[in-house]
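# Structural overview
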Amino acid sequence: MTQKLALITGASRGLGAALAEALAPTHHIVAVARTTGALEELDDRIKAAGGSATLAPMDITIPEAMATLCRGIHDRWGRLDLWLHTAIHAAPLSPANFVAAKDWDKSMAVNAKATSVLIPYVAPLLGQTGKAVFFDDPRSGEKFFGAYGATKAAQMSLANSWQVETAKTGPRVDILTPAPMATAVRARFFPGEDRAPLASPQDEAARLLPQILGDAS
């Protein structure tokens, strides 16, 4: 395949889906998410616009599934040009002394552990010239954001370390901070919020796209 390849983890909705559609004119999309129906709807939209996608309905918290995914990408295409990691778990807001064990465990599994598994699996596919992009949402230390803030900060710590480690050797690692968006994740954090001032995921994807593609091979 001569077309560029983009892996998007967390592609079924929100910013991940919007970025998949924004990249589809120039990239074949490998879309990963747990929700098969939402992935199929994304595939329909991409195809209607003339693009192409490979759907991977997988759980990123299962290391064996991610190993199978990355081995499949290697065997079929031999490389990736771009990896966008948008998958996130938004645990219910709670005082730190009332964080439920199941919410902490799931936050750690999705936000931190899955990232630590994916980086070494995806890095060989990106090689020296590919690019990985992470999306920050700094909530560490904010009241009631204990589980989300801590595990998102852990994810960003991994991304920041990888960024400086590969600055001279590649792959390129970028960390972007999206504007507040009218997504399901934000609605869980701020129920009843006036969503009119918030950016749509599609508008934010369009704004971020030049930064994502900048200096990408």
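Since we're looking at a predicted model, the values are computed, not measured. (Residues numbered from 1 in each chain as written. Predicted model: local features only at pLDDT ≥ 70, side-chain atom pairs only at ≥ 80, totals over all residues. Heavy atoms only, no water.)

## Looking at the side chain of Thr 9
Test applied: Numbering of helices and strands runs from the N terminus, with a helix taken as a DSSP run of H or I at least four residues long and a strand as a DSSP run of E at least two residues long. Should any heavy atoms of two residues lie within 4.5 Å, those residues are counted as being in contact.
Relative to the helices and strands, Thr 9 is located in strand β1 (residues 4-9). When residues no more than four places from it in sequence are discounted, the contact partners of Thr 9 are Val 32, Ile 60, Trp 83, Leu 84, His 85, Thr 86, Ala 87 and Leu 118.

## With respect to the packing of helix α4 (residues 101-126) against helix α5 (residues 146-165)
Keep this limit in mind: For every element, the axis is a line fit to its C-alpha atoms; helices are fit only across the contacting stretch, and the angle between N-to-C directions ranges from 0 to 180 degrees. Any angle from 65 to 115 degrees is called roughly perpendicular, while one under 35 is roughly parallel, one over 145 is roughly antiparallel, and all others are oblique. Rotating anticlockwise by less than a right angle from the far helix to the near helix defines a left-handed crossing, while the corresponding clockwise rotation defines a right-handed one. Under the convention adopted here, Pro, Cys and the residues Ala, Val, Leu, Ile, Met, Phe, Trp and Tyr are nonpolar, Asp, Glu, Lys and Arg are charged, and Gly plus all remaining residues are polar.
Viewed as axis vectors pointing N to C, α4 and α5 meet at an angle of 15°, and their least axial separation amounts to 8 Å. With respect to α5, the element α4 is oriented roughly parallel. Note that α4 runs across α5; the crossing there is right-handed. Where α4 abuts α5, its residues Trp 104, Ser 107, Met 108, Asn 111, Ala 112, Thr 115, Ser 116, Ile 119, Ala 123 and Leu 126 lie against Gly 146, Ala 147, Tyr 148, Ala 150, Thr 151, Lys 152, Ala 154, Gln 155, Leu 158 and Trp 162. Residue composition of the contact of α4 with α5, grouped by class: twelve nonpolar, seven polar and one charged.

## A short note on the environment of Met 181
Checked against the element boundaries, Met 181 lands in the loop between β6 (172-176) and α6 (184-189). Apart from residues no more than four positions distant in its own chain, Met 181 is found in contact with Leu 15, Arg 186, Leu 198, Ala 199, Ser 200, Pro 201 and Glu 204.

## Some remarks on the sheet that holds strand β4 (residues 82-85)
Our working rule: Here, a strand pair is defined by DSSP locating no fewer than two bridges between the strands.
The strand order β3-β2-β1-β4-β5-β6 describes an open sheet built from six strands, whose pairing is parallel. Here the strands that pair on one side only, and so sit at the sheet edges, are β3 (53-57) and β6. Going across the sheet, the axis of each strand differs from the next one's by a mean of 15°, ignoring polarity. Where β1 and strand β2 (residues 27-33) come together, six bridges link them in parallel fashion. Bridge assignment links Thr 9 to a residue of β2, and that residue is Val 32. Those strands touched by α4 are β1, β4 and β5 (131-135), and its axis lies near 165° from that of β4. Strands in contact with helix α7 (residues 201-213) are β2, β4, β5 and β6; relative to β5, the strand with the most contacts, it is inclined by about 145°.

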